[in-house]
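Given next are the chains, with one letter for each unit.
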Amino acid sequence: MERTFIMIKPDGVQRGLVGEIIGRFEAKGFTLVGLKSLSVSRELAEEHYDVHKERPFFGGLVDFICSSPVVAMVWEGDGVVACARKLIGATNPLSAERGTIRGDFGVSVGRNLIHGSDAIETAQKEINLWFSEKELLSWEPTVNAWLYE
Ligand code: DAT
Ligand code: MG
């Protein structure tokens, strides 16, 4: 089954939105297979955002991710990678649709609350970067019988 990496950024944790955000993934019907809170090292943040290392905002982004604890998660379900991006909304919260996490709770691109993998291959890479194999569960919620045909 498809998996994606989701991280509630320091602003989401500081603003007390952890429960709200997790609740949206749960309510949608996805399965939580990994969850931890952590203070992110510079090394991990730089590796995670390596694709953006030439961008002008890279230094500030890494500082921000390391500034306060985050909540890292792995969610599972059919089409979860693309669907999580829809639940999250556009990168700039001001242009994100209402009903999305960024659209409902954010006002600036540098404080957009949450990260979600942008493709299946990226998700695999990010899950391996943030979680060890033994931190991930393999389980099937009994409610899946009522979510999937
Ligand atoms: P996303 O998080 O939607 O995948 P991205 O991969 O383009 O967006 O950028 C990663 C993060 O970098 C983004 O969530 C917030 C930050 N960021 C992107 N563009 C930025 C900008 N122009 N100024 C400041 N921060 C930016
Ligand atoms: Mg991205």
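Here the structure is a predicted model, which means the values were calculated and not measured.

### Section: the site of ligand 1
Alright, step 1. Every residue near ligand 1 is listed here: Lys9, Tyr49, His52, Phe57, Leu61, Arg85, Thr91, Arg102, Val109 and Asn112.
Alright, step 2. Between an oxygen atom of ligand 1 and a side-chain N or O atom of Arg85, the distance comes to 2.8 Å.
Alright, step 3. Protein burial of ligand 1: of its 510 Å² of free accessible surface, 73% is covered by the chains.
Alright, step 4. According to the grid-proximity analysis, the pocket containing ligand 1 is the largest pocket.
Alright, step 5. Partitioned by chemical class, the residues of the shell around ligand 1 number four nonpolar, three polar and three charged.

### Quick word on the layout of surface pockets
Alright, step 1. Estimated volume of the largest pocket: approximately 680 Å³.
Alright, step 2. Every residue lining the largest pocket is counted, 26 residues in all, and those nearest its centre are Tyr49, Val51, His52, Leu61 and His115.
Alright, step 3. Taken together, the residues that form the lining of the largest pocket break down as seven nonpolar, ten polar and nine charged.

### As for the pattern of salt bridges
Alright, step 1. Within the structure shown, the criterion is met by eight salt bridges.
Alright, step 2. Between Asp50 and Lys53 there is a salt bridge whose closest N-O contact spans 3.4 Å.
Alright, step 3. Overall, the relative accessible area of 35% leaves Asp50 in the partly exposed class.
Alright, step 4. Under the relative-accessibility criterion, Lys53 is labelled partly exposed at 44%.
Alright, step 5. A single salt-bridge network, built from bridges that share partners, covers Glu20, Arg24, Arg98 and Asp104.

### What to know about the environment of Ser117
Alright, step 1. Summarising the element assignment, Ser117 is placed in the loop between strand 4 (114-116) and helix 7 (120-130).
Alright, step 2. A C-alpha to C-alpha distance of 17 Å links Ser117 and Phe58, two positions 59 residues apart in sequence.
Alright, step 3. If near-sequence neighbours (up to four positions away) are discounted, Ser117 is found in contact with Thr4, Phe5, Val81, Arg85, Thr122, Ala123 and Glu126.
Alright, step 4. A polar atom in the side chain of Ser117 sits 2.6 Å from the side chain of Glu126.

### Notes on the UniProt feature "binding site: ATP" (unreviewed entry) in the protein chain
Alright, step 1. UniProt's feature table lists "binding site: ATP" (unreviewed entry) at Lys9, Phe57, Arg85, Thr91, Arg102 and Asn112, given in the numbering used throughout. For the largest pocket, the lining residues among the annotations just cited are Lys9, Phe57, Arg85, Thr91, Arg102 and Asn112.
Alright, step 2. Residue placement: Phe57 occurs in the loop between helix 3 (42-48) and helix 4 (58-65).
Alright, step 3. Taking the relative accessible area as the measure of exposure, Phe57 reaches 38% and is therefore partly exposed.
Alright, step 4. Take Arg85: it is sitting in helix 5 (residues 80-88).
Alright, step 5. For Arg85, a relative accessible area of 37% puts it in the partly exposed group.
Alright, step 6. In this structure, Arg85 is in contact with Gly116, Ser117 and Asp118, ignoring residues within four places of it in sequence.

### Some details on unusual backbone geometry
Alright, step 1. Backbone geometry places Leu113, a non-glycine residue, at a positive phi of 75°.
Alright, step 2. On the basis of relative accessible area, Leu113 is assigned to the buried category, the value being 0%.

Rules used in this analysis
Residues numbered from 1 in each chain as written. Chains lettered and ligands numbered in written order. Predicted model: local features only at pLDDT ≥ 70, side-chain atom pairs only at ≥ 80, totals over all residues. Heavy atoms only, no water. Near = heavy atom within 4 Å. Polar contact = N/O pair within 3.5 Å; in protein donor to acceptor, adjacent residues only side chain to side chain. Areas by Shrake-Rupley, 256 points an atom, 1.4 Å probe, with all protein chains shown as cover. 1 Å grid on protein atoms, 1.4 Å probe; cavity = no way out; pocket = protein on both sides within 12 Å on 5 of 7 lines; lining within 4 Å. Sits in = over half its atoms within 2 Å of the grid points. Nonpolar A, V, L, I, M, F, W, Y, C, P; charged D, E, K, R; others polar. Points joined across faces, edges and corners; volume = space filled by probe spheres on them. Salt bridge = Lys/Arg side-chain N within 4 Å of Asp/Glu carboxyl O. Buried < 20%, exposed > 50% of the residue type's maximum accessible area, 1.4 Å probe, protein only. Helix = DSSP H or I, 4+ residues; strand = E, 2+ residues; numbered from the N terminus. Contact = heavy atoms within 4.5 Å. UniProt positions renumbered as here; feature names shortened; annotations may be inferred.

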